[in-house]
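Okay, here's what each chain looks like letter by letter:
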Amino acid sequence: SAVISQKPSRDICQRGTSLTIQCQVDSQVTMMFWYRQQPGQSLTLIATANQGSEATYESGFVIDKFPISRPNLTFSTLTVSNMSPEDSSIYLCSVEGGVDSQETQYFGPGTRLLVL
Amino acid sequence: TQLLEQSPQFLSIQEGENLTVYCNSSSVFSSLQWYRQEPGEGPVLLVTVVTGGEVKKLKRLTFQFGDARKDSSLHITAAQPGDTGLYLCAGAEDYKLSFGAGTTVTVRA
């Protein structure tokens, strides 16, 4: 399985500011995903990020609020823009397991965000 | 978005007891995955099941995928405190995962 790291691991931010979260993988992967896990909740997919194309956002998530970059096959960023306390969550990136992976995904450790 | 329902929401048992967590949906998935998440960490993959009726065993954990590929169960035999965590099932379709709400399992020593 891939080894995934995220930066920062946690942050406390003021409302109205933006935070960019980085996701680094130790091998090249085609598909990367960004999820949000609100306090005490399960995971919700924000968007799918494939290298060389625009990210695909799920219902309820828009590019202006959560811009995503995917400059190469091992790296992606998610920006949480114009933050409000409702954005306080854990943000997780994941990668697909590769050929014959049966759609398995492997997750990073998450970024814990608190917006005041 | 396809909905997955997990039950129970919380489970607290004594060390050595058995437990079962259920994951049900009205939709068919191409595969279903089980993860365990501990506080402060990301979900860790336990198993992927693909074939209807499939049973997979991972030490004391037994995973079953329903014949119609709509439901699954996770059974832990002789639970240990190290099994404590949030258990999540996730159904896959076109590489997108839909997660259940999770089952918080606490195993008391």
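Our subject is the structure listed above.
Residues numbered from 1 in each chain as written. Chains lettered and ligands numbered in written order. Predicted model: local features only at pLDDT ≥ 70, side-chain atom pairs only at ≥ 80, totals over all residues. Heavy atoms only, no water.

Colleague: Give a detailed account of the overall build of chain B, specifying residues and quantitative values.
Modeller: When helices and strands are tallied, chain B shows zero helices and 11 strands. Expected size for 109 residues packed as a compact globule is a radius of gyration near 13 Å; at 13 Å, chain B falls within 12% of this value. By its C-alpha atoms, chain B is 40 × 30 × 20 Å across when sized along the principal axes. Split into buried and exposed, the 109 residues of chain B put 44% on the buried side. In chain B, of all internal contacts separated by at least 6 residues, the share reaching a separation of at least 24 is 54%. Entry remark: accessible area of chain B is about 5,200 Å², with carbon and sulfur atoms responsible for 49%. Counting 9 positive and 11 negative side-chain charges, chain B places the centres of these two groups 3 Å from one another. (Helix = DSSP H or I, 4+ residues; strand = E, 2+ residues; numbered from the N terminus. Rg over C-alpha atoms; globule rule 2.2 N^0.38 Å. Buried < 20%, exposed > 50% of the residue type's maximum accessible area, 1.4 Å probe, protein only. Contact = heavy atoms within 4.5 Å. Areas by Shrake-Rupley, 256 points an atom, 1.4 Å probe, with all protein chains shown as cover. Lys, Arg positive; Asp, Glu negative; His and termini not counted. Charge placed at Lys NZ, Arg CZ, Asp CG, Glu CD.)

Colleague: How would you explain the interface of chain B and chain A if you had to name every residue and give the values?
Modeller: At the interface, 23 residues of chain B touch 19 residues of chain A. Around 1,700 Å² of area is buried between chain B and chain A when both sides are counted, 53% of it from carbon and sulfur atoms. Counting the contacts that link chain B with chain A gives one salt bridge. Among the salt bridges present, the one from Lys 96 of chain B reaches Glu 58 of chain A, with a minimum N-O distance of 2.8 Å. At the junction of chain B with chain A, the criterion picks out 12 residue pairs in polar contact (both at pLDDT 80 or more). Listing elements by their share of the side of chain B that touches chain A, those giving two or more residues are β4 (31-37), β5 (44-49), β9 (85-93) and β10 (96-99) of chain B. For the side of chain B that touches chain A, the residue count by class is 11 nonpolar, eight polar and four charged. (Buried area = accessible area lost by both parts, 1.4 Å probe. Salt bridge = Lys/Arg side-chain N within 4 Å of Asp/Glu carboxyl O. Polar contact = N/O pair within 3.5 Å; in protein donor to acceptor, adjacent residues only side chain to side chain. Nonpolar A, V, L, I, M, F, W, Y, C, P; charged D, E, K, R; others polar.)

Colleague: Can you lay out the packing of aromatic side chains for me, pointing to particular residues and giving the numbers?
Modeller: By the definition in use, this model includes seven aromatic pairs over all chains. Residues Tyr 35 of chain A and Phe 99 of chain B carry aromatic rings whose centres are separated by 5.8 Å and whose planes lie at 90 degrees to one another, so their mutual orientation is edge-to-face. Within this pair, whereas Tyr 35 of chain A is found in strand β4 (residues 31-37), its partner Phe 99 of chain B is found in strand β10, the two belonging to separate chains. In this structure Tyr 35 of chain A comes out as buried when scored by relative accessible area, which is 0%. A residue is classified by how much of its surface remains accessible, and Phe 99 of chain B, at 10% relative accessible area, is buried. Pairwise contacts between aromatic rings join Tyr 35 and Phe 107 of chain A together with Tyr 35 and Phe 99 of chain B into one cluster. (Phe/Tyr/Trp six-rings, centres within 6.5 Å; stacked < 30°, edge-to-face > 60°.)

Colleague: Account for a nonpolar patch on the surface, with residues named and values stated.
Modeller: On the surface, a nonpolar cluster with roughly 280 Å² of combined accessible area is contributed by Ile 12, Leu 114 and Leu 116 of chain A. A relative accessible area of 39% places Leu 114 of chain A in the partly exposed class. (Patch = residues over 30% accessible without salt bridge, like charges linked within 9 Å, V, L, I, M, F, W, Y side chains within 5 Å.)

Colleague: Any details on the state of the cysteines? Residues and values, ideally.
Modeller: All names here are of chain B. Under the definition given, this model contains two disulfides over all chains. What pairs with Cys 23 in a disulfide is Cys 89, and their sulfur atoms sit 2.0 Å apart. Disulfide Cys 23-Cys 89: the torsion about the S-S bond is 75 degrees, which places it as right-handed. In this pair, Cys 23 is assigned in strand β3 (residues 19-24) and Cys 89 in strand β9, connecting sequence segments 66 residues apart. Each member of the pair, Cys 23 as well as Cys 89, carries the same accessibility label: buried. (Disulfide = S-S within 2.5 Å.)

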